[in-house]
Amino acid sequence: MSLLSRLKGISAEDRRMIEEIEAMLGPEPEEMGFIKNLFWGRFREDLVFPYPEASREEREKCDALLARLEDYLKNEHPSILIDQEQYIPDWVFERLFELGVMGLTIPEEYGGLGLGVTSYNRVLELIGRYCASTAVVVSAHQSIGCKAIMLFGTEEQKRKYLPIVAREKLAAFCLSEPNVGSDAAGQQTRCELSEDGKYYILNGEKKWSTSGALAGVLTVMAKQRLKNPKTGKEEDRVTALIVTPDMEGVDVFEKNRSKAGIRGTWQARIRFTNVKVPRENLLHKEGKGLNVALSCLNYGRCTLSAGVLGGATWAMEQSTKWAQTRYQFGRPIADFEAIQQKIAKMAALTYGMRALLYMTTGMLDRHDPDIMLETAATKVFCSQMGWEVIDEALQIMGGEGYMTENEMERVWRDHRIHRIVEGANEVMQSYIFGYGGKQLAEQMLAIKQALGWDRDQSPIENLQRIVRNAFNPALLRRAVPLAAELFLGIRPEAPRIRRVHPSLRPWADRLARLVQQHTHYFKLLSKWEGDAIVARQAQQARLADNAMYLFALSAALSDMDRQLRQGASGVAFEKDRAAFEHLFDLLEIRIQQNLGLLRRNGDASMRRAAQATLRYVDALPNQDYYIHEASPVAKGTGKPVQKEHIKQFPGDRYVTTGGDGAPAESSPARSKA
Ligand SMILES: Cc1cc2nc3c(=O)[nH]c(=O)nc-3n(C[C@H](O)[C@H](O)[C@H](O)COP(=O)(O)OP(=O)(O)OC[C@H]3O[C@@H](n4cnc5c(N)ncnc54)[C@H](O)[C@@H]3O)c2cc1C
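Since the structure is predicted, the reported quantities are computational estimates derived from the model, not experimental observations.

Here we take up the site of the ligand. In the vicinity of the ligand, 20 residues are found, and the nearest of them are Leu175, Ser176, Gly181, Ser182 and Ala424. Contributing elements (two or more residues each) for the shell around the ligand: strand S1 (170-174), strand S3 (199-210) and helix H16 (425-436). Counted by class, the shell around the ligand contains 11 nonpolar, eight polar and one charged residues.

Quick look at the structure:
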């Protein structure tokens, strides 16, 4: 058990959550990634300078594909039809397979194009400019649907499945369940090895599998009872399996549900009843399914970001064009400072999103060992900033922005989802804070336990321990600077950022000071909040956001350094340069505001207001409100859902009998429809 999970005064649920996260993440990587280093006040220049770029050969190959793809997207792709009719026609999938988009990252020997992560994200960014539904389907297919086979598949599995998903059939990812949303470790689908050892017997139900009803290959996560080799005890672990829809007992009983945006994508509900999955379909190792799922999500979180980046860039250009040509009060609305403020913000944020995304994809292409915080931060930053950009763009277009034919309202609806899926942003913030600061927090705790007063020990025991540890040189080497920083306010030096272009020196120095503040405030916050920090998610989110902003600023600094060294010029460069400077101001202001809020905030009244509201709503009758279908406390008591005026999809057999999201039932009557 780690030091963090031995904290006193935290609830059993919090302790369980910490233990689960630790078990889920496995052993610490040898090398800490960029964001973890920020928590320690270090700036790993070698990880972000020079700005990563694909080889010339790869760039040329990707450029050629982008040209063909753009021609198709501009002249043939039916983005409006896809949204209005809520499906992607078969011929679109055929064109995407033909173009090689669906097998872009699959190695050439298995029928793909064999391109890297950066090229793949450039393609997703371009698709995102035109059609978010298509971007999500391509991403679900290749980043999560069949990625596990690419990353963990045996040679035999690769030869069997990759050519199919590269050239003809979609792949889908089945992690979520009625009772499994953010809590991915809580899988209820189960698999057990058959007595003869030839099959896994799979039982359970999956929800929201994008393209699950259209796919030829499914990556399915399920709990398995396994013996822990260290303790000898049996425990539940997650195992990943390759399942195909033709296996007996696989029932896609709901193909899709109507929704706010990305309406061309289809999310399936799938039931597995005693499905015999051949043992050779095991992905990676038994019990390693969460590692498989989380590794795939590293890629999905990038391509999700690329799709938003494409949509946000289009929204920025479209709304700016609108502002230049829409006249009110005798002049273009672009003349008003309120509109210019939005234009500058959109330019700055899209610049930051792009710099951050391709920094992270470069790290993935390089196979950096510790990358999960960077992909999580990229996802949170791009989904949040992309949303801000698109919302401002719609506002600039006024009433016309809200009208369907100008396409902005679709883009606005489409991109709302990204703050929810592939790790909801709130959960990612806690993760960035907790995992980013984990090693530092553990070290601080170790020092406190070695040298601090323990109320559970007698005075004699306390003195013996403190005196003994006070002569431990290794401990003192760490404890003295920490004590000086926490109690005397003596901060360690700001890191040095040496490699930047000389004209960027002022921004590099500003960034170094912000990193110095970040580690200082992390330590102060740990001191102020003590063990309660585990539950203080508002505080966690402030420092998680700051870590994410610092990463974005580092990526932007490195990208501008690259452009300057390459002698970039012209209006596109001028825009980027001005956007870079504005981004620095915007994010520095957000960072300082967050640091101020660590000390002076409304968190105490927030908690009281939340509790009072919870008590008030608790007294309102359940039957007037919608209740989650898997609620352990109120399932079946909610307001009936009304489906009759909502578009349904052919072949669905899912009925919510009580109309309250009650568990799925198969209805032979509906199946004939
Ligand atoms: C269009 C769409 C496509 C999808 N595609 C797939 C797919 O292909 N495969 C697949 O497996 N799944 C898929 N999903 C499921 C998706 O990953 C989940 O919706 C997501 O994980 C969130 O789970 P949830 O919706 O149950 O929200 P919940 O987990 O119920 O969360 C609701 C809210 O509570 C917050 N919250 C939850 N836990 C915490 C916590 N510990 N701390 C703070 N806040 C918390 C969340 O941030 C969120 O704001 C898809 C979903 C949608 C809508």
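The structure having been displayed, the exposition proceeds.
Before going further, it helps to spend a moment on the packing of helix H20 (residues 505-529) against helix H21 (residues 537-565). Two numbers describe how H20 lies on H21: the axes approach to 11 Å, and their chain directions differ by 165°. Viewed along their axes, H20 and H21 adopt a mutual orientation that is roughly antiparallel. Our pair here, H20 against H21, has a crossing hand that is left-handed. Contacts between H20 and H21 involve Trp507, Ala508, Leu511, Leu514, Val515, His518, Tyr521, Phe522, Leu525 and Glu529 on the former and, on the latter, Gln539, Leu543, Asn546, Ala547, Leu550, Leu553, Ser554 and Leu557.

Let us now look at helix H8 (residues 132-145). In the structure, H8 departs most strongly from a straight axis at Ser139, where the bend amounts to approximately 30°. Most of H8 is tucked away: 14 of the 14 residues are buried.

End to end, helix H12 (residues 337-365) covers 42 Å across 29 residues, agreeing with the expected 42 Å (1.5 Å per residue, within 8%). Counting buried positions over the 29 residues of H12 gives 22, a clear majority of the element. Phi turns positive one or two residues past the end of H12, at His367, with a value near 60°.

Here we take up the environment of Glu58. Here Glu58 is to be found in helix H4 (residues 56-75). Judged by C-beta crowding, with 16 C-beta atoms within 10 Å, Glu58 ranks as partly exposed. It is 7.9 Å that separates the C-alpha atoms of Glu58 and Gly116, two residues lying 58 residues apart in sequence.

By size, the foremost hydrophobic cluster in this structure holds 170 residues, and its most contacted members are Leu241, Ile432 and Ala547. It is helix H11 (residues 289-325) that provides the largest number of residues to this core, a total of 16 residues. Setting aside its immediate chain neighbours within four residues, Ile432 contacts Ile35, Leu373, Ala376, Ala377, Ala544, Ala547 and Met548.

Turning next to the pairing of S3. Most of S3 is tucked away: nine of the 12 residues are buried. Alignment of strand S2 (residues 190-193) against S3, held across four bridges, turns out to be antiparallel. If you follow Leu193 over to S3, its bridge partner there is Tyr200. In sequence, S2 turns back onto S3 through a hairpin of five residues, with Gly197 there showing a positive phi of about 75°. Two strands pair when backbone bridges link them, and S3 and strand S7 (residues 267-278) are joined in this way by nine bridges, in the antiparallel orientation. If you follow Glu205 over to S7, its bridge partner there is Arg271.

The next point concerns the pairing of strand S5 (residues 234-243). Burial within S5 is extensive, with seven of its 10 residues counted as buried. Pairing geometry for strand S4 (residues 215-227) and S5, over 10 bridges, is antiparallel. Within the sheet, the bridge partner assigned to Met221 lies in S5 and is Ala240. Here S4 hands over to S5 after six residues, with Gly232 in that stretch at a positive phi of 80°. One ladder, built from two bridges, connects S5 with strand S8 (residues 282-283); its direction is antiparallel. Bridge assignment links Leu241 to a residue of S8, and that residue is Leu282.

Cut-offs and rules
- Residues numbered from 1 in each chain as written.
- Predicted model: local features only at pLDDT ≥ 70, side-chain atom pairs only at ≥ 80, totals over all residues.
- Near = placed C-beta within 6 Å.
- Helix = DSSP H or I, 4+ residues; strand = E, 2+ residues; numbered from the N terminus.
- Nonpolar A, V, L, I, M, F, W, Y, C, P; charged D, E, K, R; others polar.
- Axes fitted to C-alpha atoms, helices over the stretch in contact; angles between N-to-C directions.
- Parallel < 35°, antiparallel > 145°, perpendicular 65-115°, else oblique.
- Left-handed = near helix turned anticlockwise from the far one by under 90°.
- Contact = placed C-beta atoms within 7 Å.
- Bend = angle between axes of the 7 residues up to and from the residue.
- Buried ≥ 20, exposed ≤ 12 C-beta atoms within 10 Å, placed from the backbone.
- Expected span 1.5 Å × (residues − 1).
- Core = buried A, V, L, I, M, F, W, Y, C linked by C-beta atoms within 7 Å.
- Pairing = 2+ DSSP bridges.

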